[in-house]
Amino acid sequence: AAAAAAAPASTEPAETEGGAVSESGQLAPSVLAARLDLLNSLLSKLSWKGTELSTLLLSELPRHVGQEYKLVRGLLAQLMATAFSNLTVTPGSQPASSAQQQSTQVQFLTTIADTLNVSSFADLPPATLNLIKTFLVCLPSCFSSYCAAHAPALCTLVHRLLVLPVETSSDPDLPALLTAVLATASHIEYRHAFPSLLDACVGCTKGTTWHAKMRVIAFCQVSLFQSLFYVPKNRILDLFQPLLLDEQVEVRNNASKALSGLIRCGLVDPATLAALLAAWAGPPRTAKTGPAAAMSPEERAALVQRHAGALGLRALVEAFPYSVPAWMPDVLVKFCLHVSDVDPIGATVRAGMSEFWRTHREGWDKSKALFTEEQLDAVTNTLISPWYFA
């Protein structure tokens, strides 16, 4: 019934009262919208008792959702979301029927993932674009009905969403729809499936656009906290190392902010990380270099690595805004050594030390007792350096 409502009726003109069918043989958008709304209301009332109809809808509707009209696409998305929700297994369901329902849901998610496998929106046919937009409207409800059987399909789907090149499209609705879907997906507690999801996110950090990497950071910043007790701690640096070393400065800055929160939660060992970051930052360099465009690839890569080290050290410092752990004085000294480095390294150090002083100023009389005389001199000289008066 829904497939008939969503698909063209006949290729021959038909006469119906009130103009329900157009000259091309298609249902008028208002009539189609009314029918879909009625069907969605009935399906919602049926709930789990409408599993047979829901299975049929999820099998047939994806072929017909590339509608031209936004209202119709929205109602089709609601109908698919209701059908997906009705198939969610409830306690007491028969094992055979439960397996069939979950199989239908997984197949539906796989169909969406295959549709989202596009490299560019520049030359995409309008019907395919409308199909993707309809699926993006439907997906938040599908993620809300998550169960363990969906995990493999959802991990693939999250990967496709993160790398979806919406920046290549001129459609103003696509970025907002994608943001809404990823926001819902990031709040799901994936539990034991989280390592697989982390693998999908790590895969998005290599060979993708910087826009995709920004989405990975925003997604992981929430999902890591949602599944805090299921996160494999030895994989965190696998995710953040390529992001800190990315060519795009915006990616490096956002990765540093996200890493700071993870350090605070104990997902990363500060001592191990500090040794790695200090090696990246290397010795201080005060010699001014030319603009980035004039650098050789080797010089550019070296600058990016040193900036990544400085950003990582800043993340360590900002992870504990109102306390001074035993390891922090040594990290602060290593951080301060680069205050005279070329930008963006020097700017990162000055901003980080300014933030450190803002959060530690009130209790500085007690905190400075944790520093040796040499460490205190290095930190104090940076805090009251000539850049303050520049």
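Residues numbered from 1 in each chain as written. Predicted model: local features only at pLDDT ≥ 70, side-chain atom pairs only at ≥ 80, totals over all residues. Heavy atoms only, no water.

Undergrad: I tried to follow the confidence of the model for the protein on my own but got confused; where do I start?
TA: Any region with low pLDDT has predicted coordinates that should not be read closely. Taken over all residues, the pLDDT of the protein has a mean of 85, while the share at 70 or more is 87%. Contacts from residues 8-18, a stretch scored under 50 in pLDDT, to residues over four places away or in other chains number 12 contacts. (pLDDT = per-residue confidence, 0-100. Contact = heavy atoms within 4.5 Å.)

Undergrad: Got a minute to help me understand the packing of aromatic side chains in this structure?
TA: Each aromatic ring pair is characterised by the separation of its centres together with the angle its planes make. Taken as a whole and assessed by the stated rule, the structure comprises seven aromatic pairs. Between the aromatic rings of W364 and F371, the centroid separation amounts to 5.6 Å while the plane-to-plane angle is 55 degrees, which identifies the pairing as tilted. Taking relative accessible area as the criterion, W364 reaches 10% and is therefore assigned buried. Here F371 falls in the buried class, since its relative accessible area comes to 8%. Among the aromatic residues, those joined into a ring-pair cluster are F356, W357, W364 and F371. (Phe/Tyr/Trp six-rings, centres within 6.5 Å; stacked < 30°, edge-to-face > 60°. Buried < 20%, exposed > 50% of the residue type's maximum accessible area, 1.4 Å probe, protein only.)

Undergrad: Explanation requested: the nonpolar core in the structure shown.
TA: In summary, soluble globular proteins display a tendency toward joint burial of nonpolar side chains. Core analysis: the largest hydrophobic core is formed by 107 residues, its most contacted members being L139, F143, L157, L161, Y190, F219 and F240. Ignoring anything within four residues of it in the chain, the contact list for L157 reads L109, I112, A113, L116, L139 and F143. Core analysis: the next-biggest nonpolar cluster, separate from the first, contains five residues, L303, A310, V342 and I345 among them. (Core = buried A, V, L, I, M, F, W, Y, C linked by side-chain atoms within 4.5 Å.)

Undergrad: When you look at the pattern of salt bridges in this model, what are you seeing that I'm missing?
TA: Scanning all chains against the criterion turns up 15 salt bridges. The closest approach of N and O atoms between D330 and K334, which form a salt bridge, is 3.3 Å. Here D330 pairs with K334, and both are found in helix α15 (residues 328-336), just four residues apart, close to one helical turn. Residue D330 is classed as partly exposed on the basis of its relative accessible area, which comes to 38%. K334 sits in the partly exposed class, given a relative accessible area of 30%. Via salt bridges that share partners, K70, K133, D171 and D173 belong to a single interconnected network. (Salt bridge = Lys/Arg side-chain N within 4 Å of Asp/Glu carboxyl O. Helix = DSSP H or I, 4+ residues; strand = E, 2+ residues; numbered from the N terminus.)

Undergrad: Sorry, what's going on with the environment of P270 here?
TA: Mapped onto the elements, P270 comes out in helix α13 (residues 270-281). The class of P270 is buried, set by a relative accessible area of 14%. Taking C-alpha positions, P270 is 6.9 Å from L316, a pair spaced 46 residues apart along the chain. Setting aside its immediate chain neighbours within four residues, P270 contacts I263, L316 and W327.

Undergrad: Any chance you could explain the packing of helix α14 (residues 297-318) against helix α16 (residues 345-360) here in plain terms?
TA: When two helices pack together, their arrangement is captured by the angle between the axes and the distance separating the axes. Close contact between α14 and α16 brings their axes to 9 Å; oriented N to C, the two are set at 5 degrees. Judged by the inter-axis angle, α14 sits roughly parallel to α16. Taken together, the residues of α16 that come into contact with α14 (itself represented by L303, R306, H307, A310, L311, R314, V317 and E318) are I345, T348, A351, G352, E355 and F356. For the contact of α14 with α16, a count of residues per class yields seven nonpolar, three polar and four charged. (Axes fitted to C-alpha atoms, helices over the stretch in contact; angles between N-to-C directions. Parallel < 35°, antiparallel > 145°, perpendicular 65-115°, else oblique. Nonpolar A, V, L, I, M, F, W, Y, C, P; charged D, E, K, R; others polar.)

Undergrad: So what exactly am I meant to see when it comes to helix α8 (residues 173-186) here?
TA: Every α-helix carries 3.6 residues per turn, so stepping three or four residues along brings you back to the same face. With 14 residues, α8 should reach 20 Å at 1.5 Å per residue; the first-to-last C-alpha distance of 20 Å fits that figure. Where α8 is concerned, the buried positions are L174, L178, V181, L182, A185 and S186. With its buried residues spanning 130 degrees around the axis, α8 presents them on a single face. Looking at α8, the residues exposed on the side facing more than 90 degrees away from the buried face are A176 and T179. In this structure, the buried residues of α8 make contact with α6 (126-144), α7 (151-162) and α10 (210-226). (Expected span 1.5 Å × (residues − 1). Arc of directions from axis to C-beta.)

Undergrad: Would you mind going over the side chain of R252 with me for this structure?
TA: Assignment of secondary structure puts R252 in helix α12 (residues 249-264). Despite being buried, R252 has no salt bridge partner; E247 is the closest side chain of opposite charge, sitting 5.7 Å away. Here the side chain of R252 touches D246 through a polar contact of 2.7 Å, landing on its backbone oxygen. Dropping the residues within four chain positions of it, R252 is found in contact with L243, L244, D246, E247, V304, H307, L311 and P344. (Lys, Arg positive; Asp, Glu negative; His and termini not counted. Polar contact = N/O pair within 3.5 Å; in protein donor to acceptor, adjacent residues only side chain to side chain.)

Undergrad: Would you mind showing me how to read unusual backbone geometry here?
TA: Of all residues except glycine, most have a negative phi; of all peptide bonds, most are trans. With omega at 10 degrees, the peptide bond leading from D343 into P344 counts as cis. Counting through the fold element by element, P344 comes out in the loop between α15 and α16. Backbone geometry places S47, a non-glycine residue, at a positive phi of 55 degrees. Exposure remark for S47: the relative accessible area of 30% places this residue in the partly exposed category. One non-glycine residue, R191, adopts positive backbone phi at about 55 degrees. Relative to the helices and strands, R191 is located in the loop between α8 and α9 (194-203). Overall, R191 belongs to the partly exposed group, its relative accessible area being 42%.

Undergrad: I keep staring at a nonpolar patch on the surface and nothing clicks. Help me out?
TA: A cluster of nonpolar residues, L46, L53 and L56, forms a patch on the protein surface that exposes about 220 Å² of accessible area. Considering the arrangement of structural elements, one finds L56 in helix α3 (residues 51-60). Judged by its relative accessible area of 44%, L56 is partly exposed. (Patch = residues over 30% accessible without salt bridge, like charges linked within 9 Å, V, L, I, M, F, W, Y side chains within 5 Å. Areas by Shrake-Rupley, 256 points an atom, 1.4 Å probe, with all protein chains shown as cover.)

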